[in-house]
Amino acid sequence: MKHIGEFQLIKQLTKILEIKDKNVLVGFGDDCACVNVESKKLVFTADIQIENVHFLKDKVKPTQLGWKLISVNVSDVVACGGVPKWAVISIAVPKNINIKWLKEVYEGIKKALDFYKFDIIGGNTSSSSEIIFDLFLTGETEKFVSRSGAKPGDYVFISGHTGLSRAGLELLLMDKKDYEDFEKRLIKTHLEPVARIDLQEKISRYATACIDISDGLVGDLGHISENSKVKIILEKEKIPISADLEKYCKKYNKNPYDYILYGGEDYQLAFTIKKEDIIHFKNEFLIGIVEKGEGIYLDNKKLKEKGFEHI
Ligand SMILES: Nc1ncnc2c1ncn2[C@@H]1O[C@H](COP(=O)(O)OP(=O)(O)O)[C@@H](O)[C@H]1O
Ligand SMILES: Cc1ncc(C[n+]2csc(CCOP(=O)(O)OP(=O)(O)O)c2C)c(N)n1
Ligand SMILES: [Mg+2]
């Protein structure tokens, strides 16, 4: 197959479909779809964890895998301002799967459901040569926060440090006998991300646009820029570097900005707000502004909007 990229592929496929129901407020192209149901707005999302694509079976505890499956989906619901409500799960596993291992994945899932406070209420089981966990999650929101609402003059924020997860993945793949404490913390960020459910209310109330950072900060801000038809200017000086990432980059001679800007699987939120609402975001990081135009800039340099793509 010609290499067209994941997002081009999604565009070509979804063009074949036609959303006819007028109650659908948001279809393809955002973190969640959104549907009017009586006086409520329901949001829908699905994300998957696949062996050798999202995880290596011998490098993750089954409980961590269950936790991550739930977190990555909650992250999309929160990015739309929603509260997670109900989910169904589809699994596909090799016929000779270790049942104890699988039950431990479900223990991790249960722990996450208790933390994020919602239920899985159904699912499906099938076989596959590689392990697949797919979650379909619905949530409720009063106001849908899209990727398309950023306006010139808005501030750009991130909810926390980025780049740590990629450093954690690289450390895991190094297969070291011993890890320093900061390395263990980076690995934990990769294997046990926590979706920013704590920000749900503020996002719902104040964000003019929001996306969860799964494919890398610049790639994902690129979706806000494209959908909102605006230019985003990041100020290098304002983008935070975590102390652990700094240590990692010093030790392994890496450029921290490759991680911060392009890392992926951060599951922090990138969002825009009106300037006057800045008082509500004291613990988050102001990293830039929205202007008329297009593209993502770091100070006055245009950045390549490359993010993680599966295809
Ligand atoms: N195969 C597909 N068919 C229809 N819609 C899809 C498909 N894959 C992704 N989408 C939609 O495309 C958009 C982008 O997907 P994705 O990049 O996976 O979002 P996210 O990073 O928030 O999970 C979403 O609205 C998603 O619902
Ligand atoms: C073994 C392994 N290789 C590579 C990665 C890195 N990786 C896998 S998926 C991904 C991007 C995010 O996942 P995706 O399924 O695209 O989530 P979405 O953007 O749809 O929310 C990254 C950075 C990984 N986690 N594990
Ligand atoms: Mg997805």
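Residues numbered from 1 in each chain as written. Chains lettered and ligands numbered in written order. Predicted model: local features only at pLDDT ≥ 70, side-chain atom pairs only at ≥ 80, totals over all residues. Heavy atoms only, no water.

As named in an unreviewed UniProt entry, the protein chain is Thiamine-monophosphate kinase, taken from Hydrogenothermus marinus. The protein chain has a UniProt comment under Function (unreviewed entry) that states "Catalyzes the ATP-dependent phosphorylation of thiamine-monophosphate (TMP) to form thiamine-pyrophosphate (TPP), the active form of vitamin B1." You can read under Pathway (unreviewed entry) in the UniProt record for the protein chain the words "Cofactor biosynthesis; thiamine diphosphate biosynthesis; thiamine diphosphate from thiamine phosphate: step 1/1." (UniProt positions renumbered as here; feature names shortened; annotations may be inferred.)

Participant: Can you break down the sheet that holds strand β4 (residues 83–93) residue by residue, with the values?
Facilitator: Strand pairing in a sheet relies on backbone hydrogen bonds. The paired strands run either parallel or antiparallel. One open sheet accounts for 6 strands, arranged β1-β2-β3-β6-β4-β5; its pairing is mixed. Two strands in the sheet have a free side with no partner beyond their single neighbour: β1 (24–26) and β5 (119–127). Taken over all neighbouring pairs, the strand axes of this sheet differ in orientation by 25 degrees on average, direction set aside. The pairing of strand β3 (residues 40–50) with strand β6 (residues 132–141) spans 10 bridges and is classified as antiparallel. In the sheet register, Thr45 faces β6, and the bridge partner there is Leu137. Lying over the sheet, helix α2 (residues 62–79) contacts β3, β4, β5 and β6, oriented at roughly 145 degrees with respect to β3. Sheet contacts for helix α3 (residues 99–116): β4, β5 and β6; angle to β4, the most-contacted strand, approximately 170 degrees. (Pairing = 2+ DSSP bridges. Helix = DSSP H or I, 4+ residues; strand = E, 2+ residues; numbered from the N terminus. Axes fitted to C-alpha atoms, helices over the stretch in contact; angles between N-to-C directions. Contact = heavy atoms within 4.5 Å.)

Participant: Just give me the short version of α3, but keep the residues and values in it.
Facilitator: Spanning 18 residues, α3 covers 26 Å between terminal C-alpha atoms, matching the ideal 26 Å at 1.5 Å per step. Along α3, the positions that sit buried rather than exposed are Trp101, Leu102, Val105, Gly108, Ile109, Ala112, Leu113 and Tyr116. Down the axis of α3, the sector holding all buried residues measures 140 degrees, keeping them to one side. Of the exposed residues in α3, those oriented more than 90 degrees away from the buried face are Ile99, Lys100, Lys103 and Lys111. Contact partners of the buried residues in α3: α2, β4, β5 and β6. The opening residue of α3 is Asn98, an N-cap whose side-chain oxygen sits 2.8 Å from the backbone nitrogen of Lys100. With its phi angle positive at about 65 degrees, Lys117 sits one or two positions after the end of α3. (Expected span 1.5 Å × (residues − 1). Buried < 20%, exposed > 50% of the residue type's maximum accessible area, 1.4 Å probe, protein only. Arc of directions from axis to C-beta. Polar contact = N/O pair within 3.5 Å; in protein donor to acceptor, adjacent residues only side chain to side chain.)

Participant: An account of the site of ligand 1 is needed here, citing residue identities and associated values.
Facilitator: Around ligand 1, the structure places Phe7, Ile10, Thr14, Phe28, Gly29, Asp30, Asp31, Asp47, Asp76, Arg147 and Ser214. At 3.1 Å from an oxygen atom of ligand 1 is found a side-chain nitrogen or oxygen belonging to Asp47. Here Asp76 contributes a side-chain N or O atom positioned 2.9 Å from an oxygen atom of ligand 1. Taken by itself ligand 1 offers 560 Å² of open surface, and the protein chains cover 68% of this. Ranked by the residues each element gives to the shell around ligand 1, the list is headed by helix α1 (residues 6–16), at 3 residues. (Near = heavy atom within 4 Å. Areas by Shrake-Rupley, 256 points an atom, 1.4 Å probe, with all protein chains shown as cover.)

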